[in-house]
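# An overview of the molecular structure
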Amino acid sequence: MINFPAGARIWLVAGITDMRCSFNGLAAKVQNTLRDGLLFIFRGRRGDMTKVLWADRDGLCLFFKRLERGRFVWPVTHDGKVHLTPAQLSMLLEGINWRHPQRTERPSLRI
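My aim in this report is to walk through the structure given alongside it, one point at a time. Remember, predicted model here, so these are calculated numbers, not experimental data. (Residues numbered from 1 in each chain as written. Predicted model: local features only at pLDDT ≥ 70, side-chain atom pairs only at ≥ 80, totals over all residues. Heavy atoms only, no water.)

A sheet is described by the order of its strands in space; here 5 strands give the open sequence β4-β3-β2-β1-β5, paired in mixed fashion. The open sheet has two free edges, formed respectively by β4 (59-66) and β5 (81-84), since each of these has just one partner strand. For this sheet the average axis-to-axis angle between neighbouring strands, irrespective of direction, equals 25°. Here strand β1 (residues 9-13) runs beside strand β2 (residues 38-43); their pairing, made up of 4 bridges, is parallel. Residue R9 lies in a different strand from β2, and its bridge partner there is L38. Against the sheet, helix α2 (residues 86-93) makes contact with β1, β2, β3 (49-56), β4 and β5, and its axis sits at roughly 110° relative to β5, the strand it touches most. (Pairing = 2+ DSSP bridges. Helix = DSSP H or I, 4+ residues; strand = E, 2+ residues; numbered from the N terminus. Axes fitted to C-alpha atoms, helices over the stretch in contact; angles between N-to-C directions. Contact = heavy atoms within 4.5 Å.)

Here it is, written out as structure tokens:
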């Protein structure tokens, strides 16, 4: 896993993105807000692919992930973007429902 710098702002871009877009296509979508330390996450139509565009001080980085099984959990929103925490980003990239994470095992009380 790549460690992003502390204080990096993570934005999930709501809706569907054409996964054929590269640096220039994705950067054009977020051009007005593209600054150092920002991450933007995009999802494809089928929901099994995602791209992360990371603006650092030297330029842009583009990461791509495809799930072999399952789909990425994606919100429906009217303003077009959702702020995520680093923990939510980790869950999203693992295919976990980051909006309502649940324990798989209930802790039992020991007396």
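Note on pairing: side chains with opposite charge can pair once their charged atoms come close. The full count for this structure, using the stated rule, is 4 salt bridges. With its nearest N and O atoms 2.9 Å apart, the salt bridge here joins R20 to D18. Of the residues examined, D18 reaches a relative accessible area of 34% and is grouped as partly exposed. (Salt bridge = Lys/Arg side-chain N within 4 Å of Asp/Glu carboxyl O. Buried < 20%, exposed > 50% of the residue type's maximum accessible area, 1.4 Å probe, protein only.)

Quick look at the environment of G7 now. Looking at the secondary structure, you find G7 in the segment before β1. G7 gets classed as exposed once you look at its relative accessible area, which sits at 70%. For the pair G7 and T85, spaced 78 residues apart in sequence, the C-alpha to C-alpha distance is 9.8 Å.

Looking now at the environment of G15. With respect to the secondary-structure elements, G15 resides in the loop between β1 and α1 (23-29). G15 sits 65 residues away from G80 along the chain, and the two C-alpha atoms are 7.1 Å apart. Contacts of G15, omitting those with residues within four sequence positions, involve R43 and W74.

All right, on to the pairing of β3 then. Judged by how many residues are buried, β3 sits mostly within the fold: 7 of 8 residues are covered. When β2 meets β3, the two strands line up antiparallel, connected through 6 bridges. If you follow L39 over to β3, its bridge partner there is W54. Where β2 hands over to β3, the hairpin turn is made up of 5 residues, of which G47 adopts a positive phi near 90°. Across 8 bridges, the pairing between β3 and β4 is antiparallel. Paired with V52 across the strands is F63, a residue of β4. From the end of β3 to the start of β4, which pair antiparallel, there are 2 residues.

To continue, consider α2. Considered for burial, the residues of α2 that qualify are Q88, L89, M91, L92 and L93. Along its buried surface, α2 packs onto β1, β2, β3, β4 and β5. Trailing α2 by a residue or two, G95 shows a phi angle of about 85°, which is positive.

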